[in-house]
Amino acid sequence: RRNLHPSIPTSQTEKERSIHTNRKTEQLKHNTTTTPPQPETPSSSSTMKYNEYYDHQFRRDVGKALKSVERILHVDRNPQLADEVDHEYDNKYEMADLLTNTTIISFTNVLERLGLTTEILKAIDASKTTTLRFEASDSAEFLSEQLVEVPSNTSFQTKETTKTSGSMFAATEKTTVHNVVKKVKEYHWRVTVSWEIYLYSGNDATGTKTSLKSRKSTIMIVTQTKDPSLSPRTDHSPIDISLNWLLKMIDTNLLAAQFKVDRQSKDTKTPRRNTQIEDAFAFFDELCDWCHKVSTHFEHRVEMFITMHNPAKEQPRNINMLRSIDVSTIFCPILPLMEETGSVADGSDPSGAEQQSMLSMKPATSTTSSTDAAAAATTDDGMEVDNSSGASKQSPMLSSVDMQKLINEQIRTITEAIAKLTSQFPAKTLDRLVSTSEATVVLLCHHVDLLKQQYVHGMGFIEEMLKNQLVAAIGKTVESHDLDQFMSYHNAKLLSRPPQAFCHAIQRPEHSPEGQLSIEAPDSDGKMESIETLCRQVEADSVLEIPLNAATTLELNGDMNLHGWVKHRFADTKKSYDLIARARQFSSFILIVGNMAGPTKLNPKDAIIVQNKDELIIPLLLDELPTAKEFKDAIKSLSPEQQRFAKAFRSMQLESSVFGVCIVEIKPQLEKLLGLPTDALAKEMQMMQDLMKLFIEYQVPSDLLSFDGLPTADVHSKVGNVKAHVKAVMAVIEAEKKKQLDEERKKAEMELEMQKAR
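Residues numbered from 1 in each chain as written. Predicted model: local features only at pLDDT ≥ 70, side-chain atom pairs only at ≥ 80, totals over all residues. Heavy atoms only, no water.

(A) Structural view of the overall build of the protein chain. A tally of helices and strands in the protein chain yields 15 helices and 27 strands. Per-residue burial for the protein chain yields a buried fraction of 39% across its 758 residues. Contacts in the protein chain between residues at least 24 apart in sequence constitute 77% of all its contacts with a sequence separation of at least 6. Accessible surface, the protein chain: about 44,000 Å² in total, of which carbon and sulfur atoms supply 51%. (Helix = DSSP H or I, 4+ residues; strand = E, 2+ residues; numbered from the N terminus. Buried < 20%, exposed > 50% of the residue type's maximum accessible area, 1.4 Å probe, protein only. Contact = heavy atoms within 4.5 Å. Areas by Shrake-Rupley, 256 points an atom, 1.4 Å probe, with all protein chains shown as cover.)

Now the structure itself:
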């Protein structure tokens, strides 16, 4: 078994075939191009990202939130996760709209705590781009340098003896304790920090702007080194985010969120995978990035000045850091909940809910469009669907009143969290770098991040629920090979001439097969299966030309078939396809592969003789060409010269994109070459092996072996004549081999005697 490309993996079936010691496998790589079908979605949808969804973590978080929901709603209410409630497909789209609108209102509640008011919202010019900007600067002014004496824990004693003359007492001794004092230089600074959050329209940020929240504070800090990081003034780069998408999703007249997925768009695949949800994800990502940068500024840059305060005389510190702010107590209303229809109060509380948020939730429709069908319908497989009630079903979605209660709970918990900050941080009126104002901004920024995570998990839950329900209906997870089986089954039902397996016997009429040619790919179990192609026999008006070199061209006659293969792509899965040729024992043929340069011309790339149980594997490397639409879009911005070159190059690619395979059986060609009648070599196995050996290994001219008798001789005489020529040539070769062997033996004996003589 010969493997020309050991880097190409070998399937289990191929390994089992390797037990035959007289089998060899040659693998040749061949490049061919295919043009993929026109995609259904535009290029923008192909880049849609699917955020990671962690089911266990999400259900755990929702389980905790449901305990709060039980306290918020009526005591007899029983909202549950959507996959635990009977609902219809349209309800999933309603859930996606509800989650997105709830997220919009929740973010607006955060912006309201940052200073956005109803008057400011209505005054925004919708014809211009509205930008939310955070701007900050700080400065450190050097005041003085002082030398401070700092007591240390080190001390020493001195003794002094005093003796008075004429005294009757002995000498007196005085002990003095001296404390060591360390002199340290202190550097005094005045640090001023200012920041502002404001809105502006268009591109003129220095003109008219609407300030939402700002503060300026000054403190004195003491350091023991003259830190070079304390610069006289630092103007930080502004942090901007465009609010255009958010403002489009808000009806400023009704002050209500108005997001809705366009279900009729061709880009809409599922409640999660559509252009509108992708735009929402893009804005929420940008908003979270903006909040992260703002909170980082306070947690690192502003608090840096506080941590730098290091006077020589140590003072007790009891400072709450911004990084220790806890946002877990704030309720997140973004929950994919439904409720069984017919429950108490029909899914709403008669007491209603007072709106505390700036925006409201538009009431959802109480019926679903899918229930407006006839009373009874019959599916294709004969299963009946009973809609005999004639009445529209009530939606299992939570009502707008219920959602308003959940949003009010978010507002209440935000208010409590901000109130808690007043006992942990100084008031904003005091000269402190970090006050309740900065702490509130950091708290709200962290809450925005949690809201976005909950929204991502909620939308991921809808997509995962849809997938699980489909898997439960089918009974398995559909993979690439399942799609191939599905298309094969339906093609057989829909087409009058369905695709057939590309597995063809290499044989002449009324003769046994010489071998087999197929294009195969591994299935789910690793077994090789043939692809299915549409086939049509081509009536050739002329011979097929195969140019071998500038001086030699083959002209072949025979059957010609045109195959069409629709390659289905499933997600990002990739399959390997191999052109496989197998020869039977005592059989041989020539395999030629290349590209069709026209209806009657094949440009050969490779050719090989397959014989005596050989198995030839040629991996097909499929290079996709852009579709006509993709090509047109790609070249429209090129220069005229570049467009002409691209079109000419594409024309060349398309002309050579048809993969051509030619089979030439050797036995009938040898009969013509040697002047023998048809089927004269059919049963001459030994002579066929000798002829193949003479032509391939020794390259003997055919004139030495061809029939040279009378044309009227019978078949046996002609075969005997050729057989005699073969025997004579083989005898000459054997004699020549024996002669060479004798010469080599004498040389070896002479070298051995010379070694002994030494």
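The rest of the description comes next.
(B) Focus on the side chain of Gln80. Here Gln80 is to be found in strand S3 (residues 80–81). In this structure Gln80 comes out as buried when scored by relative accessible area, which is 18%. The contact partners of Gln80, leaving out residues within four places of it in the chain, are Val85, Pro336, Leu337 and Met338.

(C) Focus on the sheet that holds strand S10 (residues 256–257). The strand order across the open sheet formed by three strands is S9-S10-S12, and the pairing between neighbours is mixed. Each edge of the open sheet is held by one strand with a lone partner, namely strand S9 (250–251) and strand S12 (360–361). Direction of pairing for S10 relative to S12: parallel, over a ladder of two bridges. Bridged to Ala256 within S12 is Ser360. (Pairing = 2+ DSSP bridges.)

(D) A look at the sheet that holds strand S15 (residues 500–501). Reading across from one edge, S15-S19-S22 is the order of the three strands in this open sheet, with antiparallel pairing throughout. One side of each edge strand has no neighbouring strand; the edge strands of this open sheet are S15 and strand S22 (560–564). In this sheet, strand S19 (residues 532–538) lies alongside S15 in antiparallel orientation, the contact comprising two bridges. Of the residues in S19, the one forming a bridge with Ala501 is Glu532.

(E) Up close: the pattern of salt bridges. According to the stated counting rule, one finds 33 salt bridges in the structure shown. The salt bridge partner of Asp633 is Lys629, with a shortest N-O separation of 3.1 Å. Here the residue Asp633 and the residue Lys629 both occupy positions in helix H11 (residues 628–635), the gap between them amounting to four residues, near one helical turn. Residue Lys629 is classed as partly exposed on the basis of its relative accessible area, which comes to 47%. Connected via shared salt-bridge partners are Asp55, Arg59 and Asp83. (Salt bridge = Lys/Arg side-chain N within 4 Å of Asp/Glu carboxyl O.)

(F) Broad picture of a nonpolar patch on the surface. A contiguous nonpolar patch, built from Leu470, Ile474 and Val478 and spanning about 250 Å² of accessible area, is present on the exposed surface. By the element assignment, Val478 lies in the loop between helix H9 (436–474) and helix H10 (480–494). With relative accessibility at 32%, the residue Val478 sits in the partly exposed group. (Patch = residues over 30% accessible without salt bridge, like charges linked within 9 Å, V, L, I, M, F, W, Y side chains within 5 Å.)

(G) Local environment of the environment of Ala607. Inspection of the secondary structure assignment puts Ala607 in strand S25 (residues 601–611). Residues Ala607 and Leu591, spaced 16 residues apart in sequence, show a C-alpha to C-alpha distance of 5.5 Å. If near-sequence neighbours (up to four positions away) are discounted, Ala607 is found in contact with Leu591 and Ile592.

(H) Here's a closer look at the packing of aromatic side chains. Counted by the stated rule, this structure contains 17 aromatic pairs. Between the aromatic rings of Tyr198 and Tyr200, the centroid separation amounts to 6.3 Å while the plane-to-plane angle is 45°, which identifies the pairing as tilted. Here the aromatic residues Phe107, Trp245, Phe259, Phe281, Phe283, Phe284 and Tyr455 are joined through ring pairs into a cluster of three or more. The lysine or arginine in question, Lys209, covers the ring of Tyr198, its NZ or CZ lying 4.2 Å from the ring centre. (Phe/Tyr/Trp six-rings, centres within 6.5 Å; stacked < 30°, edge-to-face > 60°. Lys NZ or Arg CZ within 6 Å of the ring centre and 35° of its normal.)

(I) Structural view of the packing of helix H8 (residues 400–421) against H9. Relative to each other, H8 and H9 sit at 145°, their axes nearing to 10 Å. Every pair of crossing elements has a handedness; the one defined by H8 and H9 is right-handed. From H8, Gln410, Ile414, Ala417, Ile418 and Leu421 reach across to H9, where they touch Thr436, Ala439, Thr440, Leu443, Leu444, His447 and Leu451. A per-class count over the contact of H8 with H9 returns eight nonpolar, four polar and no charged. (Axes fitted to C-alpha atoms, helices over the stretch in contact; angles between N-to-C directions. Left-handed = near helix turned anticlockwise from the far one by under 90°. Nonpolar A, V, L, I, M, F, W, Y, C, P; charged D, E, K, R; others polar.)

(J) Region of the structure containing the packing of H11 against helix H12 (residues 640–655). As a packed pair, H11 and H12 sit with axes 10 Å apart at the nearest point and diverge in direction by 155°. Looking at the two axes, H11 sits roughly antiparallel to H12. At the point where H11 passes H12, the crossing takes the right-handed sense. Of the residues in H12, those touching H11 at Ala628, Phe631 and Ile635 are Gln643, Ala646, Lys647 and Arg650. Considering only residue class, the contact of H11 with H12 consists of four nonpolar, one polar and two charged. (Parallel < 35°, antiparallel > 145°, perpendicular 65-115°, else oblique.)

(K) Representation of unusual backbone geometry. The phi dihedral of Phe586 falls on the positive side, at around 60°, and the residue is not glycine. Considering the arrangement of structural elements, one finds Phe586 in the loop between strand S23 (577–583) and strand S24 (588–598). Given the relative accessible area of 42%, Phe586 is considered partly exposed. Its identity is not glycine, yet Gln699 carries a phi of approximately 50°, on the positive side. Here Gln699 is to be found in the loop between helix H14 (685–696) and helix H15 (715–757).

(L) Quick peek at the side chain of Ser217. Assignment of secondary structure puts Ser217 in strand S6 (residues 209–223). By relative accessible area, which is 2% here, Ser217 ends up buried. Dropping the residues within four chain positions of it, Ser217 is found in contact with Val191, Thr192, Val193, Arg432 and Leu433.

(M) H14, seen in detail. Its twelve residues give H14 an end-to-end C-alpha distance of 16 Å, which sits within 8% of 16 Å, the value for a rise of 1.5 Å per residue. By the burial criterion, the buried members of H14 are Met687, Met688, Asp690, Leu691, Met692 and Leu694. In this structure, the buried residues of H14 make contact with S24, S25, helix H13 (666–673) and H15. (Expected span 1.5 Å × (residues − 1).)

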